[in-house]
Amino acid sequence: MGLKKINISTWLPIAMVLLAAVSLTITSFFSYHDTREVLLKDAELRLTGLAADRRSKLDLWLEGVDKELETIAEASAAVTALEFFLCVVGAELRGFCNCSTSAAVY
């Protein structure tokens, strides 16, 4: 049964269905790839924005900690306490302490 023996009432609907299927497949393929690229770029932008937001929050937090440390370091009581702490730790490590303030603790 060759192509010549099929009448047009059978051949025309088959040709139309095949043409529709091929064009639908091509359109779906290109649409999928375009949408995929758009979604990937959107996700990249969102993640970049999130990273920048977290970085700025971390920078603000670090600036706050830095200011607090500067304030504490300027206080004479903090300097004295730190010197005493280092003296006590040094004494513990060496087995003795020759700090004048260590007598009050021991």
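Please read all numbers here as calculations on a predicted model, not as lab measurements. (Residues numbered from 1 in each chain as written. Predicted model: local features only at pLDDT ≥ 70, side-chain atom pairs only at ≥ 80, totals over all residues. Heavy atoms only, no water.)

On the surface, L82, F85, L86, V89 and L93 cluster together to form a nonpolar patch covering roughly 530 Å² of accessible area. Relative to the helices and strands, F85 resides in helix α2 (residues 76–94). (Patch = residues over 30% accessible without salt bridge, like charges linked within 9 Å, V, L, I, M, F, W, Y side chains within 5 Å. Areas by Shrake-Rupley, 256 points an atom, 1.4 Å probe, with all protein chains shown as cover. Salt bridge = Lys/Arg side-chain N within 4 Å of Asp/Glu carboxyl O. Helix = DSSP H or I, 4+ residues; strand = E, 2+ residues; numbered from the N terminus.)

Another aspect to go through is the pattern of salt bridges. In this structure the tally under the stated criterion is four salt bridges. Between R36 and E37 there is a salt bridge whose closest N-O contact spans 3.8 Å. E37 sits in the partly exposed class, given a relative accessible area of 41%. The partner of D42 in a salt bridge is R46, and the shortest N-O contact between them spans 2.8 Å. Here the residue D42 and the residue R46 both occupy positions in helix α1 (residues 8–74), the gap between them amounting to four residues, near one helical turn. Accessibility expressed as a relative area gives 32% for D42, which makes it partly exposed. R46 gets classed as exposed once you look at its relative accessible area, which sits at 61%. (Buried < 20%, exposed > 50% of the residue type's maximum accessible area, 1.4 Å probe, protein only.)

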